[in-house]
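Observations on the three-dimensional arrangement
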Amino acid sequence: MRLIVAAAGRWKTGGKSGPERDLFEHYARRITFPFELREIEEKKPLKPQALKKREAELLLAQAPEGAVIVALDETGQALTSAAFADKLGGWQMDGTKHVVFMIGGAEGLDDTVRKKARLVISLGAMTWPHLLVRGMLAEQVYRAQSILSNHPYHRG
């Protein structure tokens, strides 16, 4: 099963990578599932609603045919790490080829992404910077992998 993180926005280029990217890469290196980050960015200066709609199109274009789409949104379901691991394990057992996690930009996700998602999850009631969410998601994927393999990383 291939895991894809489709995220609005790009890491800053040049110079130091930054703590958000370091956090993401720290956990991404530990994940044994094929794990890939696909960044999308709309360069045209659009009004917020138009930008959300355009980002939705670009994010959804990252999902291979038949992929399970998981939207990360503050209005989503808050899962425990064990419940998240159960979801990933279930999709793996069902033979799912691709799971695509979609992270919106500063304006959030358009409703079209939430409607196409099989699962909408929240990383808590607070709003998080979209670049930080990548690292938080990578940590939870690594934790889920640890739970599924009975590795001691997760002691929850």
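Please refer to the structure placed before this passage.
The structure displayed is predicted, hence computed values, not measured ones. (Residues numbered from 1 in each chain as written. Predicted model: local features only at pLDDT ≥ 70, side-chain atom pairs only at ≥ 80, totals over all residues. Heavy atoms only, no water.)

Comments concerning the overall build of the chain
Scanning the chain for helices and strands turns up five helices and five strands. In the chain, the succession of helices and strands from N to C terminus is β-α-β-α-β-α-β-α-β-α. Relative to the 2.2 N^0.38 estimate, which gives 15 Å for 156 residues, the radius of gyration of the chain is 15 Å and therefore close to what a compact globule would have. Oriented by its inertia axes, the alpha-carbon framework of the chain measures out at about 45 × 35 × 30 Å. In the chain, which comprises 156 residues, the share counted as buried stands at 44%. Of all intrachain contacts in the chain linking residues separated by at least 6 positions in sequence, the fraction that spans at least 24 positions is 84%. (Helix = DSSP H or I, 4+ residues; strand = E, 2+ residues; numbered from the N terminus. Rg over C-alpha atoms; globule rule 2.2 N^0.38 Å. Buried < 20%, exposed > 50% of the residue type's maximum accessible area, 1.4 Å probe, protein only. Contact = heavy atoms within 4.5 Å.)

Observations regarding the packing of aromatic side chains
In total, this model carries five aromatic pairs according to the counting rule given. Their ring planes at 40° and their centres at 6.1 Å tell us that tyrosine 27 and tyrosine 142 sit as a pair that is tilted. Placement of the pair is tyrosine 27 in helix H1 (residues 19-28) and tyrosine 142 in helix H5 (residues 130-148), with a sequence separation of 115 residues. In this structure an aromatic cluster arises from ring pairing among Trp11, Phe24 and Phe35. (Phe/Tyr/Trp six-rings, centres within 6.5 Å; stacked < 30°, edge-to-face > 60°.)

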